[in-house]
Amino acid sequence: MISGKTKITGIFGDPIEHTLSPLLHNSAFRELGLDYCYIPFLVKAERLKEAVEAIRALNLIGVNITVPHKEAVIPYLDEIKEEAKYIEAVNTILNSNGKLIGFNTDVYGFINSIFEEGVTVKGSNILLLGAGGAAKAVAFGILKEGGNLFLFNRTLSKAYKLKETFQKLGSIEIIKKITPDIMRNFQIVVNATSLGLRGNDPMPLEPTLLSRDHVYIDLIYNETPLLKEAKKFGCKTIDGSGMLIWQAAKAFEIWTGKAAPLQMMKKIFKEKKTIDKNI
Ligand code: ATR
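These figures come from a predicted structure and were not determined experimentally. (Residues numbered from 1 in each chain as written. Predicted model: local features only at pLDDT ≥ 70, side-chain atom pairs only at ≥ 80, totals over all residues. Heavy atoms only, no water.)

Asker: Describe the sheet that holds strand β7 (residues 125-129), with residues and values.
Answerer: Spatial ordering of the open sheet is given by β9-β8-β7-β10-β11-β12, a layout of 6 strands whose pairing is parallel. Strand pairing shows two members of the sheet lacking a second neighbour, β9 (172-174) and β12 (236-238), which therefore form its edges. Strand-to-strand twist of the sheet, defined as the mean angle between neighbouring strand axes without regard to direction, takes the value 20°. Where β7 lies against strand β10 (residues 188-191), 4 bridges are found, and the strand directions are parallel. Bridge pairing in β10 links L127 to V189. Along the sheet, helix α5 (residues 133-144) makes contact with β7, β8 (148-152), β9 and β10, crossing β7 at roughly 170°. Strand contacts of helix α8 (residues 225-232): β10, β11 (215-218) and β12, with the helix running at about 160° to β11, the strand carrying the most contacts. (Pairing = 2+ DSSP bridges. Helix = DSSP H or I, 4+ residues; strand = E, 2+ residues; numbered from the N terminus. Axes fitted to C-alpha atoms, helices over the stretch in contact; angles between N-to-C directions. Contact = heavy atoms within 4.5 Å.)

The following block contains the structure:
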């Protein structure tokens, strides 16, 4: 029940109708008996500044930021956390007594989702495919945790740009061409390209390059052809659903000061995925 005391959070994006975040957060608030609610806001690019000002004006606790505003929102905030500065993207804002603080909880989401699967990052050689927004969150997490990063991207100049910014955090090497020989150096392969989002996408790696010695991680939360193929080799695979839950959990913690009910959020997400598949 919404009352005069209910604390309001939400999400700004365009489009917004497919977001799963209201389901996750509102279920989590209810589970812990917190008087909070989470609302989707359709925010057009040309009104983003006004929408951010409204966080203060309406005394919202905070919001998530999604496509296409994650980068554009940065100039309107009062403080940007280190990870969000590196990634040049904010996905969570906290309204701290009128001061708007920008976070990127995808980093935390990625790292926790692979730690809970028993993946070791420190000292591992990790091949990262992609150099866009999602890849930057992965790169930050891996380097902060002491992994050795090997970066491959279709557009080489973007890979070099990422290296230039991130190399102060740790070890990054650019891979210009992926060969079976090079693949033998890696323990972990992460797909942070958008390949696999659409049913007829090609795989981000030739199937002949796959090996049973690798762990395969995909940021896409449905099982992609890459993960399906990797499973045939008996490899450990991790899809992006854990990252989605953990990034939401971190935003929840930032807004409420409480640990999120993770198991419940995972269950809700799994049920929703099953329902959507059956429609
Ligand atoms: P996101 O925010 O999801 O990371 P993005 O910033 O647009 O999205 O990045 C998409 C990534 O997928 C990029 O690394 C992109 O490669 P380019 O930098 O060469 O564009 C990669 N990608 C998208 N389509 C691709 C394709 N058909 N083949 C290879 N890589 C692709």
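Asker: Just give me the short version of the domain arrangement of the protein chain, but keep the residues and values in it.
Answerer: Under the domain assignment, the protein chain is made up of domain 1 (7-104 + 242-275) and domain 2 (108-239). Each of domain 1 and domain 2 has a C-alpha centre, and these two points are 26 Å apart. Every contact between the two is made by 16 residues of domain 1 and, on the other side, 20 residues of domain 2. Between domain 1 and domain 2, a total of about 1,600 Å² is buried, with carbon and sulfur atoms accounting for 64% of that surface. (Domains from an automatic or database assignment. Buried area = accessible area lost by both parts, 1.4 Å probe.)

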